[in-house]
Amino acid sequence: MCEDCFDTEYYGFPSQLEFEKFEELLDLKCRNKKIEILKSGAEHEGGLMDFKIYHKCNTCDQKYEMSVPDNAWRGYFLTEQNAVEYHNKIKASDKKKTFGCLLILFMIIAIVIYSYVK
């Protein structure tokens, strides 16, 4: 990270207004050729669509990944490495939640079956 790119990363934007302020700053840096857009597009992962934009600082060559906020998803703006780690963390959390829900569902079914058999 250098003066021409960003000194902080965003693991989520608290509000749409905060995202719009950040987007204005990012747009200004892109127009001044300090940061360039590498590619953008919608990615499908786990049945969800996530619109991502990839950037690169022209001074220090740091690459960034931005996920655009959408409804409850607060988005992010992270370095490439931190974005991968963040996605892995989210996937692990989702797997735990899925396993927990299936376990509770199985217990409920077992209790219902047990109460009818008795």
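Overview of the structure. (Residues numbered from 1 in each chain as written. Predicted model: local features only at pLDDT ≥ 70, side-chain atom pairs only at ≥ 80, totals over all residues. Heavy atoms only, no water.)

Some remarks on the side chain of S67
Then, number 1: Within the element layout of this structure, S67 appears in strand β3 (residues 63-67).
Then, number 2: At a separation of 2.9 Å, a polar atom in the side chain of S67 contacts the side chain of W73. (Helix = DSSP H or I, 4+ residues; strand = E, 2+ residues; numbered from the N terminus. Polar contact = N/O pair within 3.5 Å; in protein donor to acceptor, adjacent residues only side chain to side chain.)

As for helix α2 (residues 80-117)
Then, number 1: When the terminal C-alpha atoms of α2 are compared, their 55 Å separation across 38 residues agrees well with the 56 Å that a helix rising 1.5 Å per residue should span.
Then, number 2: Along α2, the residues classified as buried are N82, A83, Y86 and H87. (Expected span 1.5 Å × (residues − 1). Buried < 20%, exposed > 50% of the residue type's maximum accessible area, 1.4 Å probe, protein only.)

Thoughts on the environment of V117
Then, number 1: Among the secondary structure elements, V117 is positioned in helix α2.
Then, number 2: Among the residues examined, V117 registers a relative accessible area of 67% and is labelled exposed.
Then, number 3: In this structure, the C-alpha to C-alpha distance between V117 and R31, residues 86 residues apart in sequence, is 71 Å.

Some details on the nonpolar core
Then, number 1: By size, the foremost hydrophobic cluster in this structure holds 13 residues, and its most contacted members are C5, F6, F22, L26, I35, M66 and F77.
Then, number 2: If you list the elements that add at least two residues to this core, you get α1 (16-31), β2 (48-57) and β3.
Then, number 3: The biggest single contributor to this core is α1, with 4 residues.
Then, number 4: Once residues within four sequence positions are removed from consideration, L26 is found in contact with F6, I35, H55, M66 and F77. (Core = buried A, V, L, I, M, F, W, Y, C linked by side-chain atoms within 4.5 Å. Contact = heavy atoms within 4.5 Å.)

These figures come from the coordinates and say nothing about function on their own.
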